[in-house]
Amino acid sequence: MKYKEFELIGSSYKCDKNCPYCTAKITKWPIVEDKFETLEEKLNYLKKQDITFKYFIFCGNGEPSLLDYKDFETIVNATRKVNIFDEKRLQSSGNIFYETEKLDLIKEDFIVEITRVSLNSEEDMKILGYKRDYINSENFKKAKIRLNYVLMKNKTFDEYLEEIRKYIEKYPNIVTVSLKTLNLNTRKNEIDNPYSKWILENALTKDDADTIIEFMNKNTNFITCDEKFFDRFEWKYKGVPITFYVKKLDYGYSNIVYYGGELVDYHLNKIKLKKEG
Ligand code: SF4
C-alpha cells in the first residue's frame, strides 16, 4: 500500500530561527531519546508489510541540520538502504547551507525545503528571527529547492504571484513552490498560545483554501487536483509547479511519523497499519 508521507521528527527543539508560528512550540511534544539508529529496522519492517511512501520528510521539532554528523548520516543512509520513497526532502531553517558536509551528503537525492514570508531577506530575517541570509549564500545554489511560500495577510493575491515570479527568476534551482497556509494548532482546537495568535493576525489558514484555489485557477495554468489521497491542487506558473495542500482531510491522513524510535501518528499514538486501499 502507498502512504503519503513518512516524517522523521527529531526532538531536540534546537533551532537557529525563531518563527512566530513555530509548530514545534505550539504542539510541545515531549523530549524523547531519538533512537535514530533504529530507523533502518523500522523501514525494513514497513517494507516487509509492502508499504511504500510518496515522500520521506526529514524534519524536526528543531532544525534537522543541527544534528551531529553521525546521526545525520545514519538517517540519510537508512533511507538509501531501504528506499521505499518516491521523493525525499529535508526541511531546513536555512542552516543546512552553512553545513557543507551535510549538504554535500544529501544534495543529490534530497530536495531542500525552505519556508519564507518575504523575498526580501532583511524582512524575512526580521519576521522569522534568524541572522544569516542563506538564500543568497553560495551553497544555496548547490541544492534543489522546494519553496514553502507562506501566504501572508499583508499582501494581495496578485502580489503573491508577482513575488513568486521573482523567486523563480532569481533562484532557478527552485524546482517547486508550495503555497503554505499555517496551522493554528495541530493538537487541540484552542487559540491558547502566542504562535496561534500570530497566525490568526498575520497569515492565511485552511479556512482561506477556497479563495486561494479560485484565484490560482483564474491566474495560472491548472495541472491537476487530487482531493482523495493528497488533498492537493497543482498549477504551473512560469514553468514551475505550484502546489497547494488544502488541509480539508483529517490532518495526518496517510502519514506515518517516526518519533523517539516509534512509528506514531500526530497524536503520538502508535500507528495501526492500513493493509489495503
Ligand atoms: S524553523 Fe521550524 S523549528 Fe525553527 S523556529 Fe521555525 S518553525 Fe520552529
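See above for the structure.
Please read these numbers as outputs of a predicted model, since none were measured by experiment. (Residues numbered from 1 in each chain as written. Predicted model: local features only at pLDDT ≥ 70, side-chain atom pairs only at ≥ 80, totals over all residues.)

Enquirer: I'd love a proper account of the overall build of the chain, names of residues and values included.
Expert: The helix and strand tally for the chain stands at 8 helices and 11 strands. Relative to the globule expectation of 19 Å for 277 residues, the C-alpha radius of gyration of the chain, 18 Å, shows essentially globular dimensions. Projecting the C-alpha coordinates of the chain onto the three principal axes gives extents of approximately 50 × 40 × 40 Å. For the chain, contacts bridging at least 24 residues in sequence account for 72% of all contacts bridging at least 6. (Helix = DSSP H or I, 4+ residues; strand = E, 2+ residues; numbered from the N terminus. Rg over C-alpha atoms; globule rule 2.2 N^0.38 Å. Contact = placed C-beta atoms within 7 Å.)

Enquirer: Any details on the nonpolar core? Residues and values, ideally.
Expert: Ranked by internal contacts, the top residues of the largest apolar core, which has 58 residues, are F6, L8, Y21, F58, V112 and Y258. No other element matches the 5 residues that strand 2 (residues 52–60) contributes to this core. (Core = buried A, V, L, I, M, F, W, Y, C linked by C-beta atoms within 7 Å. Buried ≥ 20, exposed ≤ 12 C-beta atoms within 10 Å, placed from the backbone.)

Enquirer: Any details on the site of the ligand? Residues and values, ideally.
Expert: Residues in close proximity to the ligand include C15, K17, N18, C19, C22, T23, A24, G62, E63 and S93, which together make up its full environment. Of the residues in the shell around the ligand, the class split is 4 nonpolar, 4 polar and 2 charged. (Near = placed C-beta within 6 Å. Nonpolar A, V, L, I, M, F, W, Y, C, P; charged D, E, K, R; others polar.)

Enquirer: How would you explain unusual backbone geometry if you had to name every residue and give the values?
Expert: Even without being glycine, Y13 reaches a positive phi, approximately 65°. Note that Y13 resides in the loop between strand 1 (2–10) and helix 1 (23–27). Using a count of 15 C-beta atoms within 10 Å as the deciding quantity, one classes Y13 as partly exposed. Although it is not a glycine, D231 sits at a positive phi angle of roughly 65°. Note on D231: 20 C-beta atoms within 10 Å, which makes it buried.

Enquirer: Lay out the packing of helix 2 (residues 39–48) against helix 3 (residues 69–81) in plain terms, naming residues and giving numbers.
Expert: Remark: helix 2 packs on helix 3, axes separated minimally by 9 Å, with the N-to-C direction vectors making an angle of 25°. It follows that helix 2 is roughly parallel to helix 3 by the angle criterion. Helix 2 and helix 3 meet at a crossing whose hand is right-handed. Here L39, E40 and L43 of helix 2 come into contact with helix 3, specifically with I75, A78 and K81. Residues that form the contact of helix 2 with helix 3 fall into these classes: 4 nonpolar, no polar and 2 charged. (Axes fitted to C-alpha atoms, helices over the stretch in contact; angles between N-to-C directions. Parallel < 35°, antiparallel > 145°, perpendicular 65-115°, else oblique. Left-handed = near helix turned anticlockwise from the far one by under 90°.)

Enquirer: Before we move on, could you go through the sheet that holds strand 10 (residues 255–259) and cite the residues and values that matter?
Expert: Strand order in the open sheet made by the 11 strands is 7-8-9-6-5-4-3-2-1-10-11, with mixed pairing throughout. Both edges of this open sheet fall to strand 7 (221–226) and strand 11 (262–264), since each of them pairs with a single strand only. With strand direction ignored, the average angle separating the axes of adjacent strands in the sheet is 25°. (Pairing = 2+ DSSP bridges.)

Enquirer: Summarise the pairing of strand 9 (residues 240–245); cite the residues concerned and give the values.
Expert: Pairing of strand 6 (residues 174–180) with strand 9, which is carried by 3 bridges, proceeds in the parallel orientation. Within the sheet, the bridge partner assigned to S178 lies in strand 9 and is T243. Here strand 8 (residues 232–237) runs beside strand 9; their pairing, made up of 6 bridges, is antiparallel. Its bridge partner lying in strand 9, E234 is registered against T243. Where strand 8 hands over to strand 9, the hairpin turn is made up of 2 residues, of which K238 adopts a positive phi near 50°.

Enquirer: Before we move on, could you go through the environment of L46 and cite the residues and values that matter?
Expert: With respect to the helices, strands and loops of the structure, L46 is situated in helix 2. Note on L46: 20 C-beta atoms within 10 Å, which makes it buried. Apart from residues no more than four positions distant in its own chain, L46 is found in contact with I51 and I84.

Enquirer: Pulling in residues and values, what's your account of the pairing of strand 10?
Expert: With respect to burial, strand 10 is a largely interior element, 4 of its 5 residues being buried. Of the pairings in the sheet, the one linking strand 1 to strand 10 comprises 4 bridges and is parallel in character. Counterpart to L8 in the pairing with strand 10 is Y258. Sheet analysis places strand 10 next to strand 11, joined by 3 bridges and oriented antiparallel. Looking at strand 11, one finds that V257 is bridged to V264. What sits between strand 10 and strand 11 in their antiparallel hairpin is a turn of 2 residues, with G260 showing a positive phi close to 60°.

Enquirer: Tell me what's going on with helix 5 (residues 121–128), and back it up with residues and numbers.
Expert: Among all positions in helix 5, only D124, I127 and L128 are buried. Viewed along the axis of helix 5, the buried residues span an arc of 85°, placing them on a single side of the element. Across from the buried face of helix 5, at angles greater than 90 degrees, the exposed residues are E122 and K126. Of the surrounding elements, those touching the buried residues of helix 5 are strand 4 (111–116). Where helix 5 terminates, the next one or two residues include G129, which has phi positive at roughly 60°. (Arc of directions from axis to C-beta.)

Note that all results are geometric; they support no functional claim without further evidence.
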